[in-house]
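Examining the three-dimensional arrangement
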Amino acid sequence: MEKRIELEKRGKNPANIKELNLDNCRSTSIVGLTDEFCNLESLSLINVGLTSLKGFPKLPNLKKLELSDNRINSGLNLLETSPKLTHLNLSGNKIKDLETLEPLKNFKNLKSLDLFNNEVTTVEYYRDAVFKTIPSLKYLDGYDENDREAEDSDEEVNGNEGFEQSDEDGLSSDEEEELNESVGLGAVYSSNIDELSDEEDYEALEEEEDSEIAEEEEEEGNSSDEAETPEVSRGKKRKHEENQE
């Protein structure tokens with residue numbers, strides 16, 4: 001377990017880690033997990049082989065704890081150092097009687113408890129007794145006190161607190177970022193179009209000016225020809241008169 005914890009830390013300061021997944025690492029007790037993980041909010045220890053919660057650290061901000069498919073049969077009082085716990089999954093363990101669950105009555109924020117596939121679920125009046133023992137409990141084994149199934153939208157029950165939520169206009173932060181990128185690209189594209197449009201206008205203006213210059217030169221040429229024509233005619237007339245004399 002200690003090696004797995006080091007791997008999952010990825011060089012980060014334990015105090016900066018909010019989620020930790022130690023599923024399938026083999027250990028019969030908690031080893032290497034210390035009070036340094038003081039801001040941990042979600043911890044998963046599924047199918048580790050735990051027979052005891054001995055060594056469970058003080059995790060004051062822990063909200064979700066996954067302990068399914070282990071061999072835990074007692075010692076739930078060791079979880080009391082995590083008073084903010086809202087979601088506890090103990091399915092597939094070795095809990096046999098209601099007395100083992102007594103320490104959970106001290107969890108004022110516990111909303112969801114899963115004890116599926118524990119022997120205690122076969123005890124008479126099991127559900128009524130558990131709801132009575134833990135007043136804050138909203139869902140037991142995925143159903144409320146009136147046997148209504150937990151809604152998917154219930155974030156605390158389904159452990160979706162770690163997922164990004166949509167903002168007021170209905171977009172998640174990822175969607176909003178994509179939209180901002182699209183708008184940014186659109187602005188650049190629009191700017192390029194404007195620049196191209198300006199260049200085209202400039203070229204068109206140059207062509208128009210060149211055309212006007214050409215027309216002016218052509219008109220000046222025609223005027224020059226027209227001015228020379230009378231002089232040529234008069235020259236011919238004088239030559240003709242001289243010949244007659």
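Residues numbered from 1 in each chain as written. Predicted model: local features only at pLDDT ≥ 70, side-chain atom pairs only at ≥ 80, totals over all residues. Heavy atoms only, no water.

The next point concerns a positive patch on the surface. A contiguous patch of positive charge on the surface is contributed by Arg-26, Arg-71, Lys-94 and Lys-96. Here Arg-71 shows up in the loop between strand 3 (64-66) and strand 4 (87-89). Since its relative accessible area comes to 43%, Arg-71 is described here as partly exposed. (Patch = residues over 30% accessible without salt bridge, like charges linked within 9 Å, V, L, I, M, F, W, Y side chains within 5 Å. Areas by Shrake-Rupley, 256 points an atom, 1.4 Å probe, with all protein chains shown as cover. Salt bridge = Lys/Arg side-chain N within 4 Å of Asp/Glu carboxyl O. Lys, Arg positive; Asp, Glu negative; His and termini not counted. Charge placed at Lys NZ, Arg CZ, Asp CG, Glu CD. Helix = DSSP H or I, 4+ residues; strand = E, 2+ residues; numbered from the N terminus. Buried < 20%, exposed > 50% of the residue type's maximum accessible area, 1.4 Å probe, protein only.)

When you line up the elements, Thr-34 lands in the loop between strand 1 (19-21) and strand 2 (42-44). Along the chain, Thr-34 and Pro-57 lie 23 residues apart, while their C-alpha atoms are 5.3 Å from each other. Excluding residues within four positions of it along the chain, Thr-34 makes contact with Pro-57 and Leu-59. (Contact = heavy atoms within 4.5 Å.)

With that settled, the discussion passes to the nonpolar core. Residues Leu-43, Leu-45, Leu-65, Leu-67, Leu-88, Leu-113 and Leu-115 are the most contacted members of the largest nonpolar core, which totals 40 residues. Here this core gets three residues from one element, more than from any other, and that element is helix 2 (residues 126-133). When residues no more than four places from it in sequence are discounted, the contact partners of Leu-65 are Leu-43, Phe-56, Leu-79, Leu-85, His-87, Leu-88 and Asn-89. (Core = buried A, V, L, I, M, F, W, Y, C linked by side-chain atoms within 4.5 Å.)

With that settled, consider the sheet that holds strand 1. Spatial strand order, 1-2-3-4-5-6: six strands in an open sheet with parallel pairing. Edge positions in the sheet fall to strand 1 and strand 6 (139-140), since each of these pairs with one other strand and no more. In this structure, strand 1 lies alongside strand 2, joined through three bridges in parallel fashion. Paired with Leu-20 across the bridge in strand 2 is Leu-43. (Pairing = 2+ DSSP bridges.)

Quick look at the side chain of Asp-144 now. Along the polypeptide, Asp-144 turns up in the loop between strand 6 and helix 3 (155-158). In this structure Asp-144 comes out as buried when scored by relative accessible area, which is 11%. Only 2.7 Å separates the side chain of Asp-144 from the backbone nitrogen of Arg-148, close enough to count as a polar contact. Setting aside residues up to four positions removed in sequence, Asp-144 forms contacts with Arg-127, Phe-131, Lys-138 and Tyr-139. (Polar contact = N/O pair within 3.5 Å; in protein donor to acceptor, adjacent residues only side chain to side chain.)

Our focus in this paragraph is the confidence of the model for the protein. Summing up the model confidence of the protein, the mean pLDDT is 78 and the portion of residues at 70 or higher is 62%. This model gives residues 153-170 a pLDDT under 50, and the stretch forms 29 contacts once residues within four places in sequence are excluded. Note on residues 185-193: pLDDT is under 50 here. Beyond four places in sequence and across chains, it has zero contacts. (pLDDT = per-residue confidence, 0-100.)

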